[in-house]
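Coordinate analysis (summary)
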Amino acid sequence: MAKARKQKPEGGAGGGATVLHQKLCLSIDMENQLIYGFDLEFTVSTDLVAVSNGDLLYQVLSKEDPPRKTYVYKLNTPVSAQWISLVVGPFEVLPDKNGISVSHMCLSPTLSKLENTISFFHDAYSCYEDYLAAPFPFGLYKQIFLPSEMVVSPTSFGASTCIFSADILNDEKVIDQANCTVCQFDVSGATGLGSPAASTDLYGTQTFGSYGKIRSLKAVAVLQTLEKQMGPDFFRKILQMIVASTRASRTLSTKEFRHLANKIGNLERPFLKEFFPRWIESCGCPIMRLGISYSKRRNMVELAVSRGCTAKAEPGSDSHTDGDIQEGATGWPGMMSVRVHETDGVYDHPILPLAGEALQVVELQCHSKVAAKRFQKTKKGSKPDGSDDNVDASTQENRMSMDAPLLWIRVDPEMEYLAEIHFHQPIQMWINQLEKDKDVISQSQAIAVLEKLPQLSFAVINALNNFLNDTKDTDLAGLLHLVKFYKSRRFDADIGLPRPNDFHDIPEYFVLEVMH
């Protein structure tokens, strides 16, 4: 199939840039019903550059007066027509200096900014190829940066060709700011299962206002949950299988992804049979309300669990509701972990199922034992049971924590599940969590609970005050530790400037980016 046009004005880069001739040929095997790709030809003035999809095979300079130049591209990967793009303008072309098949382009006024901004790009590009164990599928990758007034949107994606606003380019005074662009596009690309353009099988957030945005956020959270269930190595193998060149189809349905998760992901079929309909094809997320009680005789923690759902109950349903909470739901597949900090150590108990009865009691065996109490004489003015009228009101509640080998407890400490958790433990255990847990998430959870107490006891006030004035972890000492850590990871002493970004350890990259 061939389609040729002439004298088509191209209002993209140059404003007055004109495509004098273009031809698009689609190679189709009608007998086997296969599409082999596109042959693309564009003729423009010699002072312009025509950028399109696939590999640039060659350029032909005509003998006409004035002379013209024809750009011939070959796209071997079958794609739908919406991913075919063309940009024409007086571009400055900057091939990547690190041996990767990438070309960067912009207009002359922003060339210096482009050179500074893309200096790190090969690291991110190579990181993806290493992680996926596959080369870029479209051959030569081209990215064009245009002034914001010349683009319809800040980003425009095509097969092997992407157009960005030049606003993200930075001069040498700004260090490594364009890395956020790569992260932004990473989210867009890595959450293909949550993209309406990539899959129509993933749904479940229609009740939210911004459907597309929330849909993508849910997709990220669900995929992270699935990755933790099967392990990072198995999840990586699935992604490598998806992008492998041996796959006949470049699209991916949720059904096919489920098959790969079952075949490669080391997960049992019953788990996947429940996981996909509940986490992907349903609305809402689980709500877990939990409280504890300690049995001294059995040295056991009794964890009371109330399960619910954030989704609104359907009209006419018989389920018990609490506002917008749907109780008595079937639940979600998965086993949530409970981390118990005892006097003799820390113990993880992966025994809290997300599915089950609406109300349940789960027992956790303690490993530590309560220390024997010394006999104390009754103070003058005290009651026979040893209590005092002047004792803080919270003392009665905290007595359980004092008579138990428990310091504090955390539910889903690694945040493996997309769930709303309401956990209740004695105030003294929240204080212990604030003072002794070095996890900032854990500390912030403790502060959030303590600040909402109807009446702040002296113990709570002292704990918050000590935390704010702890010179070991805060104030200038903490700042010095941060600076020392930052310099050890990002600072190049030879040049006196931060090193370029390294994307091979993504979590550490984000930590360093926040510090920067």
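As shown above, the structure is provided for reference.
Below you will find a few notes about this structure. All values reported here derive from a predicted model rather than from experimental measurement.

1. Points about a nonpolar patch on the surface
- A surface patch of nonpolar side chains, amounting to about 280 Å² of accessible area, comprises Leu57, Tyr58 and Val60.
- Of note, valine 60 is situated in strand S5 (residues 55-61).
- The partly exposed category is assigned to valine 60, whose relative accessible area is 38%.

2. Things to note about the environment of isoleucine 447
- Examined against the element boundaries, isoleucine 447 turns out to sit in helix H10 (residues 440-451).
- Here isoleucine 447 falls in the partly exposed class, since its relative accessible area comes to 26%.
- Taking the C-alpha atoms as reference, isoleucine 447 lies 9.8 Å from alanine 463; in sequence the two are 16 residues apart.
- Apart from residues no more than four positions distant in its own chain, isoleucine 447 is found in contact with Leu434, Leu464 and Phe467.

3. Section: the side chain of histidine 349
- Tracing the backbone shows histidine 349 in strand S18 (residues 345-355).
- Non-local contacts of histidine 349, meaning those with residues more than four positions away in its chain, are made with Met336, Ser337, Val338, Val340, Leu364, Gln365 and His367.

4. Observations regarding the sheet that holds S18
- Taken in spatial order, the 3 strands line up as S18-S17-S20 in an open sheet, and their pairing is antiparallel. A single partner strand is all that each edge strand has here, and the edge strands are S18 and strand S20 (406-411). The average undirected angle you get between the axes of adjacent strands in this sheet is 20°.
- The pairing of strand S17 (residues 331-342) with S20 spans 5 bridges and is classified as antiparallel. Along S20, the bridge assignment pairs valine 338 with valine 411.

5. Notes on the environment of arginine 298
- Counting through the fold element by element, arginine 298 comes out in the loop between strand S13 (286-295) and strand S14 (300-309).
- Residue classification places arginine 298 among the partly exposed positions, given a relative accessible area of 29%.
- With 67 residues separating them in the primary sequence, arginine 298 and glutamine 365 have C-alpha atoms 8.4 Å apart.
- Non-local contacts of arginine 298, meaning those with residues more than four positions away in its chain, are made with Glu363 and Gln365.

6. Digging into the packing of aromatic side chains
- For the structure shown, the criterion picks out 14 aromatic pairs.
- Seen from their ring centres, phenylalanine 275 and tryptophan 279 are 6.3 Å apart, and the 40° between their planes marks the pair as tilted. Of the two residues, phenylalanine 275 and tryptophan 279 both sit in helix H7 (residues 269-280), 4 residues apart, roughly one turn of that helix.
- Overall, the relative accessible area of 1% leaves phenylalanine 275 in the buried class.
- An aromatic cluster is present here, built from Phe257, Phe271, Phe275, Phe276, Trp279, Trp332 and Tyr417 joined pairwise through their rings.

7. Here we look at the sheet that holds strand S19 (residues 359-365)
- If you walk across this open sheet you meet the 4 strands as S19-S14-S13-S21, and the pairing is mixed. Each edge of the open sheet is held by one strand with a lone partner, namely S19 and strand S21 (420-424). When the angles between neighbouring strand axes are averaged without regard to direction, this sheet yields 25°.
- Two elements, S14 and S19, share 7 bridges in a ladder whose sense is antiparallel. Counterpart to leucine 303 in the pairing with S19 is valine 362.

8. Comments concerning the packing of helix H9 (residues 427-436) against helix H11 (residues 458-468)
- Direction vectors running N to C along H9 and H11 enclose 5°, while the axes themselves pass 10 Å from each other. Here H11 runs roughly parallel to H9, going by the angle between their axes. Facing Ile427, Ile431, Leu434 and Glu435 of H9, the residues of H11 in contact are Ala459, Val460, Ala463, Leu464, Asn466 and Phe467.
- Considering only residue class, the contact of H9 with H11 consists of 8 nonpolar, 1 polar and 1 charged.

9. Structural notes on the pattern of salt bridges
- For the structure shown, the criterion picks out 7 salt bridges.
- A salt bridge links arginine 298 to glutamate 363, with the shortest nitrogen-to-oxygen separation between them at 2.9 Å. Taken together, the positions of arginine 298 in the loop between S13 and S14 and glutamate 363 in strand S19 put the pair 65 residues apart, joining distant regions of the chain.
- Taking the shortest distance from any N to any O, the salt bridge between glutamate 414 and arginine 339 comes out at 2.9 Å. One end of the pair, glutamate 414, is in the loop between S20 and S21; the other, arginine 339, is in strand S17, and 75 residues separate them in sequence.
- The class for glutamate 414 is partly exposed, based on a relative accessible area of 44%.
- Overlapping salt bridges bring together Arg298, Glu302 and Glu363 as one network.

What counts, and at which threshold
- Per chain, residue numbering runs from 1 following the sequence as it is written.
- Where local features are concerned, this predicted model is filtered to residues with pLDDT of at least 70; where side-chain atom pairs are given and counted, the filter is 80 or more; whole-chain, interface and lining totals use all residues.
- Water and hydrogen atoms were dropped before computing side-chain values, which therefore reflect all heavy atoms in the structure.
- Patch building starts from residues that exceed 30% relative accessible area and form no salt bridge, then joins like charges within 9 Å and nonpolar side chains (Val, Leu, Ile, Met, Phe, Trp, Tyr) within 5 Å.
- Using a 1.4 Å probe, the Shrake-Rupley method yields the accessible areas, and only the shown protein chains count as cover for residues.
- Take a side-chain nitrogen of Lys or Arg and a carboxyl oxygen of Asp or Glu: if they are within 4 Å of each other, that pair is a salt bridge.
- Strands are runs of DSSP state E lasting at least 2 residues, helices are runs of H or I lasting at least 4, and numbering of each runs from the N terminus.
- Each residue's exposure class comes from its accessible area (1.4 Å probe, protein chains only) as a fraction of the maximum for that residue type: buried when under 20%, exposed when over 50%, partly exposed otherwise.
- Contacts: residue pairs with any heavy atoms within 4.5 Å of one another.
- We treat two strands as partners when DSSP finds at least two bridges between them.
- Interaxial angle, 0 to 180 degrees, is taken between N-to-C directions of lines fitted to C-alpha atoms, where a helix line uses only the stretch in contact.
- Pairing of aromatic side chains here covers Phe, Tyr and the six-membered ring of Trp, requires ring centres within 6.5 Å, and sorts the geometry by plane angle: under 30 degrees stacked, over 60 edge-to-face, intermediate tilted.
- The labels follow the angle: roughly parallel below 35 degrees, roughly antiparallel above 145, roughly perpendicular from 65 to 115, and oblique for the rest.
- Note on residue categories: nonpolar means Ala, Val, Leu, Ile, Met, Phe, Trp, Tyr, Cys or Pro, charged means Asp, Glu, Lys or Arg, and polar means any other residue, Gly included.

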